[in-house]
Amino acid sequence: MPVTKNWITLHPEKELLNEEESIVMQDRLCSHICTHSKERSCNIHSKPSICQMKTSYLKCNSSTCKGITNDENGNRSKCEHQLKIIECVDKKVFQFWSVGAHKSESVQSTFNSQRPSVSPRKPKLTQAMKTFIENCRVVHNMKAKAIYHDFQNEFADVDPLPTAEQVRNFANQIITQYSDTYENVEREAENLIKAATSEQSLPEDCYSYGITKKIDGKYQIGNGSDLNPFFLTLTSVYFLQKFIASASLYEVQLHVDFTFKTNTLDYPVLIIGYSDFSGCFHLLTIIIASKQDSWVVTRAFRELKLELYNRFNYLLSPQYVMADGGLADNKSIQLEFPGAKRLMCFFNVMKNVRENIDKLKDQTNKSQIYSNIYYIHLSADEIEFNHRCMLFRVQWSNIEPAFYSYFHNQWLQGSNKNWQVYCNPRGYALTNNPLETFNWHLKKAVIDNIMTNLPLSILGLKKLIEEKCFDTPFLNYHIVSKRIESRALQLDKENCFTYENLLQDTAMRNNPDNSHLVCLKKVKNHINGSSSAIGDISIAKYTYTEAGTTDDIKEFKQIENIITDIIELSGMTDAGYIVNTRDRICDCKNFNKFGMCVHIVNACKRVKISLPHRKSNQKAGGTPMLRTNGNKKVRRPHLA
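Residues numbered from 1 in each chain as written. Predicted model: local features only at pLDDT ≥ 70, side-chain atom pairs only at ≥ 80, totals over all residues. Heavy atoms only, no water.

*Asks:* Quick question: what am I supposed to make of unusual backbone geometry here?
*Replies:* Of all residues except glycine, most have a negative phi; of all peptide bonds, most are trans. Notably, aspartate 266 is not glycine yet its phi reads approximately 60 degrees, a positive angle. Mapped onto the elements of the fold, aspartate 266 is located in the loop between β8 (253–259) and β9 (269–275). Even without glycine at this site, asparagine 313 takes up a positive phi of about 55 degrees. Checked against the element boundaries, asparagine 313 lands in the loop between α9 (294–312) and β11 (320–323). Judged by relative accessible area, asparagine 313 falls into the exposed class, the value being 59%. (Helix = DSSP H or I, 4+ residues; strand = E, 2+ residues; numbered from the N terminus. Buried < 20%, exposed > 50% of the residue type's maximum accessible area, 1.4 Å probe, protein only.)

*Asks:* Would you mind showing me how to read the packing of helix α7 (residues 182–195) against helix α16 (residues 454–466) here?
*Replies:* Packed helices, taken two at a time, are described by the angle between their axes plus the distance between the axes. One way to put it is that α7 packs onto α16 with a least axis distance of 8 Å and a crossing angle of 20 degrees. The angle between α7 and α16 falls in the class roughly parallel. Across the interface between the two elements, Asn184, Val185, Glu188 and Leu192 of α7 pack against Leu454, Pro455, Ile458, Leu459 and Lys462 of α16. In terms of residue class, the contact of α7 with α16 is made up of six nonpolar, one polar and two charged. (Axes fitted to C-alpha atoms, helices over the stretch in contact; angles between N-to-C directions. Parallel < 35°, antiparallel > 145°, perpendicular 65-115°, else oblique. Contact = heavy atoms within 4.5 Å. Nonpolar A, V, L, I, M, F, W, Y, C, P; charged D, E, K, R; others polar.)

*Asks:* What am I meant to see in the side chain of serine 278 here?
*Replies:* Of note, serine 278 is situated in the loop between β9 and β10 (281–289). For serine 278, the side chain forms a polar contact with the side chain of aspartate 276, separated by 2.8 Å. (Polar contact = N/O pair within 3.5 Å; in protein donor to acceptor, adjacent residues only side chain to side chain.)

*Asks:* Just checking my understanding: could you explain the sheet that holds strand β1 (residues 8–9) for this structure?
*Replies:* Within a sheet, adjacent strands bond to each other through the backbone by hydrogen bonds, running parallel or antiparallel. If you walk across this open sheet you meet the five strands as β1-β5-β4-β3-β2, and the pairing is antiparallel. Each edge of the open sheet is held by one strand with a lone partner, namely β1 and β2 (32–41). With nine bridges joining them, β2 and strand β3 (residues 52–60) adopt antiparallel strand pairing. Among the inter-strand pairings, lysine 38 is bridged to a residue of β3, identified as threonine 55. (Pairing = 2+ DSSP bridges.)

*Asks:* Teacher, can you tell me more about the pairing of β3 here?
*Replies:* In summary, the side chains of a regular strand alternate between the two faces of the sheet. Pairing between β3 and strand β4 (residues 82–88): seven bridges, direction antiparallel. From the neighbouring strand, lysine 54 faces β4, where its bridge partner is glutamate 87.

*Asks:* Would you mind going over the confidence of the model for the protein chain with me for this structure?
*Replies:* Fine structural detail should not be taken from predicted coordinates in areas where pLDDT scores are low. Taken over all residues, the pLDDT of the protein chain has a mean of 77, while the share at 70 or more is 76%. Averaged pLDDT values for the elements of the protein chain fall to 32 in strand β16 (residues 628–629) and rise to 94 in strand β7 (residues 231–236). Of the regions scoring below 50 in pLDDT, residues 616–640 engages in 65 contacts with residues more than four places distant in sequence or in other chains. (pLDDT = per-residue confidence, 0-100.)

*Asks:* Help me out: how do you make sense of helix α13 (residues 382–396) in this one?
*Replies:* An ideal rise of 1.5 Å per residue puts 21 Å on 15 residues; α13 measures up with 21 Å between its terminal C-alpha atoms. Considering only its buried residues, α13 is in contact with α12 (366–377), α14 (401–411) and α20 (589–594). (Expected span 1.5 Å × (residues − 1).)

Next up, the structure:
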């Protein structure tokens, strides 16, 4: 016959306790351990209910009670104190019952006085806390330490606050939902594809285009195999509309490049964008693919052309396309944009030259080789380019035949020969550096330089596009870069310029069209104070010496500075440069390249004319500065 226990309620003043009151009640009890639990229909409400009721039975687990013996032989009997917790699973209300007494009088006294005899119970994570942690971990890819730092700031008014271990464990738990499985990747891709046709989508919302459905109704994004490569596009209506507005007024120069190490599957990411007059990069679309070849680039161009035509009735036909020396880019550009001029990144040209400079028989010719290549790069037109190439051949074909053969075959003919100043509009980027800068900040903002699972990488790129993290206005004018500004200040400080206002001439003063002209002359070379000027490539020869040994890159950078200084003297007449301060025009070679030069900066400063500068929170790649916490750059999630 079952034994009936006389259960006594622990809260006679209140029939039911809510969730917060139940936590307080459990903190006041001695340590107990659950032995078993069971569920059945709920009967603790005053009215009949269809919800479930869970009953948990707990026994005393106090070390004090366990240490008490009952006889001389040291035999121990179990503590008779038990607890019963009844919980309504749906409505989250509780009842606490007890029966029996503790073996230890001190433990029983503590229990009767309802004082906690053990450490307080750890607080639970609420739903708002879980949502915050998931947003930090999944969307912003933050580490556990950074998550808990923001967690403390977000829930500073909560006491007690969950521990760092609880936050870390939950962050690691939810990350398993975004593992590199095909189902997880397909789920994220399907959400992006459906956003393209959703009537509730905003212009800033990220979506995917160019993905068709299979016979079974699933979207054909590919599984990453050689026969079925993975291909997923990301863009937004806002970025496409911004591009069309700029391309309809000005010449378009596209930038194309792959970036890597953004996901654990090592899938390359293709970035397509364009630059403005100031050299800033503007994003157009992002493509994630499982391989890097001409098929990916060709399909990326083709799908982008179709999307612009189908959605906006706009025919994509860029005048210039900038890329590195990859054969995949060359074939795709020739196929999809036959009327565009294929530009070669000048940075990649010099990078490859540095890697092959060891082919020189005499390494002392290195500095002169570099200066000759720079003079070819600064050619004002094709006639000057051909003339300087001829001089380069005459000077080096016999002295350094191996290097000349490499340079001529690789960079002076074929699809990689367009890296001179005259090949694109003045001020437009002559390298892919704006895109490379964008790639660097993209990795910093999306994955924090730590490769993540592909679903998380997709979510990070989606967030980047929707928040327009790197978006800047399209500038149709040239600005003063930090490099030009700092060099102008340096030369002005050392009195390297002489200035003459043409208004001193009576005839010039009476003509209002000439009121903006000033004469600026560089009187000496900043390097070693030399006053000699070099006017032609055939005599552009100087030596580079430095105490001690240096690596090739450091040597190249110092040679580059010397070349820059000589260029500022090259082509200058005895009267100096005539600078148009109203229209910001100069005759120097740096102006032909950047659309801005130290002469314009110095002349406008003397006549007190302000020049446009880049914003303090904006970098050349169109990238805002990240907020900082001490010396470490951090991001903060933007919650609604």
